[in-house]
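# Fold and contact review
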Amino acid sequence: MGVKLLLDKAHVEGIRYYDVYRREGGYRSVEKALKMSPADIVEEVKKSGLRGRGGAGFPAGMKWSFIAKPEGVPRHLVCNADESEPGTFKDRYLMEFLPHLLIEGLIVASFALGSNATYIYIRGEYAWIPDILEQAINEAKANGWLGKNIQGSGFDCEIYVQRGAGAYICGEETALIESLEGKRGNPRIKPPFPAVKGVWDRPTVVNNVETLAAVVPVINMGGEAYSKIGVGKSTGTKLISACGNINKPGVYEIDMTISVEEFVYSDEYCGGIPNGKRLKACIPGGSSVPILPANLLFKTAKGEQRMMNYESLSDGGFATGSMMGSGGFIVLDEDQCVVKHTLTLARFYRHESCGQCSPCREGTGWMEKILKNIETGKGKMTDIDLLWDIQRKIEGNTICPLGDAAAWPVAAAIRHFRDEFEWHVNNPELCLTQNFGLAHYADAREVVA
Amino acid sequence: MAQFTEERLAKVKEIIARYPDGKQKSALLPVLHLAQEQFGWLSSETMDYVAGLLQIEPIEVYEVATFYSMYNLKPVGKYMFEVCQTGPCMVRGSEDIIEYIKQKLGIKVGETTADGLFTLKTVECLGACGYAPMMQLGKHYREHLTKEKVDAIIEECRRNAAANN
Ligand SMILES: Cc1cc2nc3c(=O)[nH]c(=O)nc-3n(C[C@H](O)[C@H](O)[C@H](O)COP(=O)(O)O)c2cc1C
Ligand code: SF4
Ligand code: FES
């Protein structure tokens, strides 16, 4: 069993409620933090090596140290609970089952950043979760952890929950800020960065739910001790939401020293592939990151075992690697069609493009159309190159990274599964009733055996 | 005339108080949710009413209402089945579920049954990929869907509708 820092108490009966949570050691990090200076807290988070868990992996302590502190201007912490990247459902788990852990982390972070009004921006579809969070906030307030003069420290803090209304783009931090201001979720051009000009033009830090929850163990154990868990720049633990063709879909906390193979096959985690099927491919970090065929999933191009951490998952770059991303781990078995799966993702990005930049707005639509043609046996060989060309023209040419996020899955699918695309073109009738199957993307397990 | 209940008006006030003075526009998304809860969908009359409440221009409300997928700009059935169709749900059988609902209710995606009870909609990933196939029904998710579960949900809705009439 790996180290658990976030979900260690998840199965304690009643942990959703304050009394149980407090009895189990909850809110100790707030007690500790209020005795420290905000700058020292930032220092601890820096030392911990904690990286943002929302997808980009930016060091949290460093982000906090960038927040501008102009005289007389209030600052805000905003918790990004928009969680809309296909394959990702870990923040939901934290909020539903351990709401106090998030609230505790938010109080510590609010104190460190000097935020007297902190907002949780949650995707609108998670419509029942604001009630859970508000209940936890009210309990925390009733016990003196929120409100005026928290625990006699002189620090005031309120936490508010704001629901979005169905827009993936509002997970992008500047779109989120626009949305919080009551506008369409159109990302802003950076700079200025939110740390200087965020919500209502005030200095703002936006962090993911899991990042903020992880602040609790960082403060409790100290940054130094936290940094010793994991490996290299992948410190601490990471929540992985696993789905697709596996026996045990769900949310798992891993310390980042286990191998991808163990994660897929161990009964402690995914529990293998159902019905004796073989593994075909995996998208290891949410829909935006490159898909990997089985042979590259368990072993890097150098022949080393691939591990579940930031560095190892991206080993080989986009040519032969992928990314940790948001931790949305999507497994496809031998019966799945990569073209069709990629089509659903292309449709998703077309649907979610905010429409501000033409390469993204037009390109996502074209990619969906061409993929649909190929999938339904109406594609031409030249369409594959056209797809490649379009994705390249989107990548790097847009205001926000949604363009890249839309381009990468298509690029990786063609890069690794080109023969499957060609097979569709060459077999326009057959591809309607049958799938390409596993072909040479052998299940790494068999190669090993 | 669109008019909030007293309870909702109090809620609007409470929400506006969360933001700095003069930033009441920030309340727009939550207030539109309240409006949709009460009226079922957002007519232009309702949107104008919300604009008045928040002292912003009607166009600012239209802009937002048309951007976000959860706001209904036309009337919908009493029960809206929003079935996720993105990759992870697709590999766990969402297409079969969508087909089954279509047959069972005799409507296509985007349509409402003649009795006004059911609307079928397909949506993109709702953050329940590990519990697929799934749909949103009102405030909650229905997960691990099977044909039997769909039957039971339809029955449940019919019973509730009959009980409320
Ligand atoms: C299109 C798009 C969608 C995003 N969605 C989310 C999201 O749902 N949740 C999240 O925490 N970060 C999301 N991000 C990343 C945020 O912009 C931001 O980097 C993150 O909230 C920072 O938090 P962290 O440093 O704690 O990870 C998204 C980014 C993009 C470009
Ligand atoms: S890249 Fe796409 S989503 Fe991002 S700002 Fe441009 S059009 Fe909008
Ligand atoms: S893909 Fe359906 S809930 Fe995520």
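Residues numbered from 1 in each chain as written. Chains lettered and ligands numbered in written order. Predicted model: local features only at pLDDT ≥ 70, side-chain atom pairs only at ≥ 80, totals over all residues. Heavy atoms only, no water.

Here the focus is the overall build of chain A. Along chain A, the regular secondary structure elements total 20 helices and eleven strands. Rg of the C-alpha trace for chain A: 22 Å, near the compact-globule value of 22 Å for 449 residues, within the 12% margin. Projected onto the principal axes, the alpha-carbon positions of chain A cover approximately 75 × 50 × 35 Å. Evaluated residue by residue, chain A yields a buried proportion of 63% over its 449 residues. Sequence separation of at least 24 residues holds for 70% of the intrachain contacts in chain A that already meet a minimum separation of 6. Accessible surface computed for chain A: about 15,900 Å², of which carbon and sulfur atoms make up 51%. (Helix = DSSP H or I, 4+ residues; strand = E, 2+ residues; numbered from the N terminus. Rg over C-alpha atoms; globule rule 2.2 N^0.38 Å. Buried < 20%, exposed > 50% of the residue type's maximum accessible area, 1.4 Å probe, protein only. Contact = heavy atoms within 4.5 Å. Areas by Shrake-Rupley, 256 points an atom, 1.4 Å probe, with all protein chains shown as cover.)

A few words now on the sheet that holds strand β8 (residues 250–255) of chain A. Residues and elements named next belong to chain A. The sheet built from five strands is open, its strands ordered β8-β7-β11-β9-β10 with mixed pairing. On the outer flanks of this sheet lie β8 and β10 (292–293), each paired with one strand and no other. Pairing between strand β9 (residues 279–283) and β10: two bridges, direction antiparallel. Paired with A281 across the bridge in β10 is P293. (Pairing = 2+ DSSP bridges.)

All right, on to the interface of chain A and chain B then. Taken together, the 56 residues of chain A in the interface contact 39 residues of chain B. Where chain A abuts chain B, roughly 3,900 Å² becomes buried across the two surfaces, and 57% of that area is made up of carbon and sulfur atoms. Together, A165, R184 and W200 of chain A form the three largest contributors to the area buried by chain A at its contact with chain B, with a combined 15%. Residue R92 of chain A pairs with E143 of chain B through a salt bridge whose shortest N-O separation is 2.8 Å. Linking chain A with chain B are 26 residue pairs in polar contact (both at pLDDT 80 or more). Of all the secondary structure elements, the ones that give two or more residues to the side of chain A that touches chain B are α5 (90–97), β2 (117–122), α7 (129–142), β3 (158–163), α8 (173–180), β7 (237–244), β11 (328–333) and α15 (338–352) of chain A. No other element matches α15 of chain A, which puts eight residues into the side of chain A that touches chain B. Taken together, the residues that form the side of chain A that touches chain B break down as 26 nonpolar, 16 polar and 14 charged. (Buried area = accessible area lost by both parts, 1.4 Å probe. Salt bridge = Lys/Arg side-chain N within 4 Å of Asp/Glu carboxyl O. Polar contact = N/O pair within 3.5 Å; in protein donor to acceptor, adjacent residues only side chain to side chain. Nonpolar A, V, L, I, M, F, W, Y, C, P; charged D, E, K, R; others polar.)

Let us now look at empty space enclosed by the protein. All names here are of chain A. Counted by the stated rule, this structure contains two cavities of 30 Å³ or more. One number sums up the size of the largest cavity: a volume of about 70 Å³. As for the largest cavity, its lining consists of I169, P187, S353, C354, G355, Q356, C357, C360, T398, C400, L402 and G403. Looking at the lining of the largest cavity residue by residue, the classes come out as seven nonpolar, five polar and no charged. Here the second largest cavity defines a volume of roughly 40 Å³. Lining the second largest cavity, in full, are I283, V289, I291, H341, T342, L345, P409 and A413. Going through the elements one at a time, α15 and α18 (402–426) are the ones with two or more residues in the lining of the second largest cavity. Residue composition of the lining of the second largest cavity, by class: six nonpolar, two polar and no charged. Built from parts of two domains, the lining of the second largest cavity gets at least three residues from each of domain 2 (234–333) and domain 3 (338–433). (1 Å grid on protein atoms, 1.4 Å probe; cavity = no way out; pocket = protein on both sides within 12 Å on 5 of 7 lines; lining within 4 Å. Points joined across faces, edges and corners; volume = space filled by probe spheres on them. Domains from an automatic or database assignment.)

Among the nonpolar cores identified, the biggest contains 159 residues, and W64, I103 and I120 of chain A together with Y68 of chain B are the most heavily contacted of them. Broken down by element, the residue count for this core peaks at eleven residues, all from α18 of chain A. When neighbours within four sequence positions are excluded, I120 of chain A is seen to be in contact with C79, A81, L102, I103, L106, L133, I159, Y160, V161 and Q162 of chain A. In terms of nonpolar packing, the next biggest core, distinct from the first, is built from 27 residues, I254, V264, Y265 and C270 of chain A among them. (Core = buried A, V, L, I, M, F, W, Y, C linked by side-chain atoms within 4.5 Å.)

The environment of ligand 2 is made up of 13 residues, and the closest members are C354, C357, C360, T398 and C400 of chain A. Comparing atom positions with the cavity grids shows ligand 2 to sit within the largest cavity. (Near = heavy atom within 4 Å. Sits in = over half its atoms within 2 Å of the grid points.)

All names here are of chain A. The full set close to ligand 1 counts 18 residues, and G54, N80, N207, N208 and T211 are the nearest of them. Measuring from an oxygen atom of ligand 1, one finds a side-chain N or O atom of N80 at 2.9 Å. Ranked by residue count, the leading element in the shell around ligand 1 is strand β4 (residues 204–208), at three residues. A breakdown of the residues in the shell around ligand 1 according to their chemical character gives four nonpolar, eight polar and six charged.

Moving on: the domain arrangement of chain A. All names here are of chain A. When cut into domains, chain A gives domain 1 (18–228), domain 2 (234–333) and domain 3 (338–433). Listed as interface residues are 16 residues of domain 2 and, on the opposing side, 13 residues of domain 3. Of the roughly 1,200 Å² buried at the junction of domain 2 and domain 3 (both faces included), carbon and sulfur atoms supply 70%. Among the residues domain 2 hides against domain 3, the three largest losses belong to S288, I291 and F318. Together they make up 40% of the total. Of the charged contacts, one joins E420 and K280 as a salt bridge, the two residues approaching to 2.9 Å between their closest N and O atoms. Counting across the interface, domain 2 meets domain 3 through four residue pairs in polar contact (both at pLDDT 80 or more). Elements that contribute at least two residues to the side of domain 2 that touches domain 3 include exactly β9, β10, α14 (317–320) and β11. Partitioning the side of domain 2 that touches domain 3 into residue classes produces twelve nonpolar, three polar and one charged.

Right, let's talk about the domain arrangement of chain B for a bit. By domain assignment, chain B separates into domain 1 (6–65) and domain 2 (79–164). Put simply, the middle of domain 1 of chain B and the middle of domain 2 of chain B, counted by C-alpha atoms, are 29 Å apart.

All names here are of chain A. Extensive coverage of β8 is indicated by the burial of six of its six residues. Residues G250, Y252 and I254 of β8 are buried on one face, and the alternating residues V251, E253 and D255, pointing to the opposite face, are buried as well. The sheet contact formed by β7 and β8 spans six bridges and is antiparallel. The partner of T237 across the bridge, within β8, is D255. Connecting the antiparallel pair β7 and β8 is a turn made up of five residues.

Okay, the sheet that holds strand β1 (residues 79–84) of chain B next. All names here are of chain B. Read from one edge to the other, the open sheet built from four strands follows the order β2-β1-β3-β4, with strand pairing classed as mixed. Taken across any chain shown, the strands that pair with only one partner, and hence form the sheet edges, are β2 (118–123) and β4 (140–142). Each strand of the sheet is rotated relative to its neighbour by a mean of 30°, with strand direction disregarded. Relative to strand β3 (residues 135–137), β1 runs antiparallel, the two being bridged by three bridges. Residue pairing across strands places V83 opposite M135, the latter belonging to β3. Contacts from helix α7 (residues 147–164) reach β1, β2, β3 and β4, with the element oriented near 160° to β1. (Axes fitted to C-alpha atoms, helices over the stretch in contact; angles between N-to-C directions.)

Before going further, it helps to examine the packing of α15 of chain A against helix α16 (residues 358–375) of chain A. When two helices pack together, their arrangement is captured by the angle between the axes and the distance separating the axes. All names here are of chain A. The geometry of α15 relative to α16 is characterised by a closest axis approach of 8 Å and an angle of 155° between their N-to-C directions. With respect to their mutual orientation, α15 and α16 come out roughly antiparallel. Crossing hand, α15 versus α16: left-handed. In this structure, α15 uses V339, K340, T342, L343, A346, R347, Y349 and R350 to contact α16, whose residues at the interface are T364, G365, E368, L371, K372, I374 and E375. (Parallel < 35°, antiparallel > 145°, perpendicular 65-115°, else oblique. Left-handed = near helix turned anticlockwise from the far one by under 90°.)

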